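Next come the chains, spelled out residue by residue.
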Amino acid sequence: MAAVKVNELHKEDLPWIIEYDESKCIQCGKCTAVCSFGAISPAVEMRKKSGNINEKNTYEKTLVIKQNVGFENHCVGCGMCANVCPNGAIKAVRNFDDRYAIRYRAEKGESLKRGGRSNLNTEGRTLDKIKIGRISQMTDPSLDPVRHTFEIKTPFGRVLSADKLGFEVDGNKIMQTKPLPPNRWIYPIIFGDMSIGAISSRMWEAIAIATAYLNEKMGIPIRMGTGEGGVPVSLLKSRYLKYMILQIASGHFGWNRIVETMPEMIEDPAGILIKIGQGAKPGDGGLLLANKVSKYVQEIRGVPKADLMSPPTHQGLYSIEESVQKMFLSMNAAFNFRVPVAIKVAASVTSVAVYNNLLRDPYNIVGGFFIDGFAGGTGAAHEISLNHTGHPITSKLRDCYLAAVHQGRQGEIPLFAGGGLGQTGSFAADAFKLICLGANGVFTGRLLLQIAGCCGNDTEKCNACSTGNCPAGLTSQRECLTKRLDIDKVAENLVNFIVATDMELKKLMGPVGCSTLPIGRSDALITVDKHIARRLDIQYSI
Amino acid sequence: MERFKIETLKNENRMSTQELLQLIQAKIDEGYTDFEINGCGQHNIGGSSWARDRSKTLSFLVRNPGQRVGAMGMKGTRIIVEGSVPADTGWLNSGAEIIVKGDSGDTTAHCAASGEIYIGGRVGTRSGALMKHDPRFKIPEFWVLKNTGSYSFEFMGGGIAIVCGYECEEFDSVLGKGSCGGMVGGTIFVRGKVENLSHCVEILNLDEKDIEFLHSGLKRFLDKIGRSELFNKLTDFSEWHKIQTRAEAVKKRMPVAEFRQKEWISGGIFGDFITDDYAVYELAGTGDARCRIPQWDKKLCIGCDICVKNCPQNAIFSDEKVYHSEDNKCIGCGICAALCPRQAWKMVENNREITK
């Protein structure tokens, strides 16, 4: 037997410990076969044969399932072994005394990276402490989701105040002297920004299919953010492009193909989203580790197989004014000013300053402001960023909205909020509350993975999106894992989830008496938390 | 006893609703069963009253009434209104016959559960909402000569409504828009164009029984409202349809899988880069679904057959001292590699990427 020394990685150091019941095991091998991390293996153990101390010990060999101990192949608690075991003989159990994070850094000299969301969640969620408390009771009739017509749509694109519309009266005619900025009425939920490469081809396509289906079969005009990992040319050339919000981030991945395909596009995209930052890793660029940069990802992004680290900022942008000039102008010009161009930033203490600046944009080419909160998800980030940097979404969204209200300019640049929505189960409630606080709409990405079968959570379960070994095939480019994902089932589940969310949104709009989105209707909200009431300027109720 | 006549407006003095209803009640108690009322907007005329002799019919001939004519009307009551009426006629009708020669306002026949309501003109929005049928009582009927306003027949649970679409050629829909939301039962017969109905319902063709019902019913209806000359015009049954709750099977939408196969970009959007048959691997599957694949090294093998004996899938066999693991049986569990005394079996990671 190998000698054991203190300064090695031990089973007890790991975040998850495999509990294995030999008496129930039939040695079918499914648990070790299914484990994409190689965290468990069949192994031979010695068992003492005789209990008689007068005889020399004899041993026999027996086959068991053994936990592997290694930085590259340790258990992340995904639970697939338990799922396939016919007898309940094996499961991963959380090790509350683990030392992995320290051991990893000490051994590797590297920062710890993972996917998922912030795992600390020390503050609790503000949105869960807010209730919808203004219910129509005789003051005005509640609406009924079954019989009333609800208009669940929100503008995407620059909205001009009446005096800037550029109408002139010429005799009996009203003349429009200036072209209006592009504006689209879309569903207030956007499938958010997960790139090809970060998620598997099947997962990305499933989202695209669900988007098309919701638009064409359910009449729900939802849009999908492409993320920045390129867009397949066949999609660019298809009529479904009109449901896609093309993202340009600091890596500019895949834009050559988008540009090249322009003459063959039969539809305009739904919009362009300039990504400056994201809630999960604010101030940091995109990250795609080499083991996920498969051949087609290399091709579509135009890079070799290597860790892809996008710069934290767009190279060549040094100020807000410059970003308006260069990025907004160029992206508007790319589609001849027909397509709304929006910007996405990580929520930050500086969000209001940015928003105010954009509101003053004299060219009216800023079509939306996306704010991504602290609890947003990611395919890969440094854990230090995930757990410790960023700003919760709620107060920052509110600040931006109120900043516009104070200037009488709310709604001119539509606000979209995201980051941790649906985290505690009710996406519709989160969306509704943010809309009442001033959002025109919300976006979500992480939730889509959970709908699709993600086995991770926000308390350190799995979160191995960055490794390429996603056991559900959501964030892997390994064929054996990607093909675990049932594209039709995923797309169907996404459709169902949005249909259910749509009904739930109506179930919240109805009692408030709104048949259109209650954007900024903060009078509908109450909270039992005095600090939240004061900070968000909503009614304090006990 | 003779007909009791009530003038509700005398010398600019208008009788209140309460005064009128209490007067009617007092006269009913005296034995009157036949009333003629020249109203002045008084509400609830004809409702929740009954002749003290239950074998007799309580009759009202009414002009210029207010809202809720015949509301909570009972079996044995007949109300005829000369002219039009405002909202809520026949609300909660529980058996009365209510005839309105002109138009009727919003929510006509709202919650009607029995009796017959005959309207000789149009009815307003939300008419027929929540009609229902208690099987111990006669099925409610609600006849309309012209059309209904929007959102009619919401939450309808039972009963029969007949909308004849007379003089409605100018409208896109004789049921307005968004009607039948939440409808779970009952039948609406309709003549003419219908649009924008709730997804709860479907539009069907008439069967023979329907035609028989309409044929006799229309005659009765037109007689009641004094428009029997329209009988021929309204009995071209090719112009009629019926609306009923959509059968479950039809309500189902297209499966997304079918959408992908029939309408989505052929070959998938990644078709330029990868080949994907969209087959789904089972967990711990065989062949390409394996995370790890065993490899056998001839130089190390001593031919002990431990691997053959212990393979849970019976995937390993030897042929002339050459060992094979069958791809379509092996799940890549690694038991062969773990048990081999000479490490002749090794597990190799299956890192194959999804590719063309």
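Residues numbered from 1 in each chain as written. Chains lettered and ligands numbered in written order. Predicted model: local features only at pLDDT ≥ 70, side-chain atom pairs only at ≥ 80, totals over all residues.

S.K.: Any chance you could explain the overall build of chain B here in plain terms?
M.R.: Helix and strand counts for chain B stand at seven helices and 17 strands. Along the longest, intermediate and shortest principal axes, the C-alpha atoms of chain B span 120 × 40 × 40 Å. Here chain B, with 356 residues, has 45% of them falling under the buried criterion. At a minimum sequence separation of 6, the contacts of chain B that also span at least 24 residues come to 52%. (Helix = DSSP H or I, 4+ residues; strand = E, 2+ residues; numbered from the N terminus. Buried ≥ 20, exposed ≤ 12 C-beta atoms within 10 Å, placed from the backbone. Contact = placed C-beta atoms within 7 Å.)

S.K.: Explain the domain arrangement of chain A to me, please; I cannot follow it from the model alone.
M.R.: Accessible area lost when the parts come together is the quantity often used to give the size of an interface. All names here are of chain A. Per the domain assignment, the segments of chain A are domain 1 (11-110) and domain 2 (128-540). Listed by partner, the interface residues are eight residues for domain 1 and nine residues for domain 2. Residue composition of the side of domain 1 that touches domain 2, by class: five nonpolar, three polar and no charged. (Domains from an automatic or database assignment. Nonpolar A, V, L, I, M, F, W, Y, C, P; charged D, E, K, R; others polar.)

S.K.: Would you take a moment to explain the packing of helix α4 (residues 201-217) of chain A against helix α15 (residues 487-512) of chain A for this structure?
M.R.: Packed helix pairs are specified by the crossing angle of their axes together with the interaxial distance, meaning the distance between the axes. All names here are of chain A. One can describe the packing of α4 onto α15 by two numbers: an axis separation of 8 Å at closest approach and a directional angle of 45°. For the element pair α4 / α15, the angle class is oblique. Taken as a pair, α4 and α15 cross one another with a handedness that is right-handed. Along the contact surface, α4 presents R202, M203, E205, A206, I207, I209, A210, Y213 and L214, while α15 presents I487, V490, A491, L494, V495 and I498. Within the contact of α4 with α15, the residues separate by chemical class into 13 nonpolar, no polar and two charged. (Axes fitted to C-alpha atoms, helices over the stretch in contact; angles between N-to-C directions. Parallel < 35°, antiparallel > 145°, perpendicular 65-115°, else oblique. Left-handed = near helix turned anticlockwise from the far one by under 90°.)

S.K.: I'm lost on the domain arrangement of chain B in this one. Help?
M.R.: Looking at the assigned domains, one finds that chain B contains domain 1 (4-251) and domain 2 (261-349). The gap between the C-alpha centroids of domain 1 of chain B and domain 2 of chain B is 74 Å.

S.K.: Before we go on, may I ask you to explain the packing of helix α9 (residues 351-359) of chain A against helix α11 (residues 393-406) of chain A in this structure?
M.R.: Residues and elements named next belong to chain A. At a minimum axis separation of 9 Å, α9 and α11 run at an interaxial angle of 35°. Between α9 and α11 lies a crossing of right-handed hand. Contact with α9, carried on its side by S351, V352, Y355, N356 and L359, involves K396, D399, C400, A403 and A404 of α11 and no other residues of that element. When grouped by side-chain class, the residues that make up the contact of α9 with α11 number six nonpolar, two polar and two charged.

S.K.: It is not clear to me how α15(A) should be interpreted in this structure. Could you clarify?
M.R.: Owing to its 3.6 residues per turn, the α-helix aligns residues three or four sequence positions apart on the same side. End to end, α15(A) covers 38 Å across 26 residues, agreeing with the expected 38 Å (1.5 Å per residue, within 8%). Immediately downstream of α15(A), the backbone of A:G513 shows phi near 85°, a positive value. (Expected span 1.5 Å × (residues − 1).)

S.K.: Before we go on, may I ask you to explain the sheet that holds strand β6 (residues 130-132) of chain A in this structure?
M.R.: Hydrogen bonds along the backbone pair up the strands of a sheet, which may run parallel or antiparallel. Residue and element names in this part refer to chain A. As summarised here, the arrangement of the three strands in space is β6-β22-β23, forming an open sheet in which the pairing is mixed. The sheet terminates laterally at β6 and β23 (539-540), the two strands that pair on one side only. In this structure, β6 lies alongside strand β22 (residues 525-527), joined through three bridges in antiparallel fashion. Along β22, the bridge assignment pairs I132 with L525. (Pairing = 2+ DSSP bridges.)

S.K.: Would you take a moment to explain the interface of chain A and chain B for this structure?
M.R.: In this assembly, 50 residues from chain A lie in contact with 46 residues from chain B. Of all elements in the fold, only α1 (30-34), β2 (40-48), α2 (80-84), α4, α5 (233-236), α7 (295-301), α14 (479-482) and α15 of chain A reach the threshold of two or more residues within the side of chain A that touches chain B. Examining the composition of the side of chain A that touches chain B, we find that eight residues originate from one element, α4(A), more than from any other. A breakdown of the residues in the side of chain A that touches chain B according to their chemical character gives 23 nonpolar, 13 polar and 14 charged.

S.K.: Would you take a moment to explain the confidence of the model for chain B for this structure?
M.R.: One rule of thumb: low pLDDT means the predicted coordinates there are not for detailed reading. Counting all residues, the mean pLDDT for chain B is 95, and 99% of those residues have values of 70 or more. This complex was scored by the predictor with a pTM of 0.88 and an ipTM of 0.92. (pLDDT = per-residue confidence, 0-100.)

S.K.: I'm lost on the sheet that holds strand β5 (residues 58-63) of chain B in this one. Help?
M.R.: All names here are of chain B. One open sheet accounts for 11 strands, arranged β1-β4-β5-β6-β7-β8-β9-β10-β11-β13-β12; its pairing is mixed. Here the strands that pair on one side only, and so sit at the sheet edges, are β1 (4-7) and β12 (201-204). Across this sheet, the average inter-strand angle for adjacent strands is 15°, counted without regard to direction. Pairing geometry for strand β4 (residues 34-38) and β5, over five bridges, is parallel. When the sheet's bridge partners are listed, E36 is paired in β5 with L61. Here helix α2 (residues 208-225) sits on the sheet and contacts β7 (94-100), β8 (114-119), β9 (141-144), β10 (160-163), β11 (187-191) and β13 (240-245); the angle it forms with β8, its principal contact strand, is near 65°.

S.K.: Just to check I follow, could you spell out the environment of A:V352 for this structure?
M.R.: With respect to the helices and strands, A:V352 occurs in helix α9. The sequence separation of A:V352 and A:R534 amounts to 182 residues, and the corresponding C-alpha distance is 18 Å.

S.K.: Teacher, can you tell me more about the pairing of strand β21 (residues 441-444) of chain A here?
M.R.: Residues and elements named next belong to chain A. Residues of β21 alternate between two faces, with G441 and F443 on one and V442 and T444 on the opposite face, all of them buried. Sheet topology places strand β11 (residues 189-191) next to β21; three bridges connect them, and they run parallel. Within β21, the residue paired with F191 across the bridge is T444. Of the strand pairs in this sheet, strand β20 (residues 415-418) and β21 are connected by three bridges, and their pairing is parallel. The residue of β21 that forms the bridge with F416 is G441. In this fold, β20 hands off to helix α12 (residues 427-436), which returns the chain to β21; that crossover is right-handed. (Right-handed = clockwise from strand over helix to strand, strands pointing away.)

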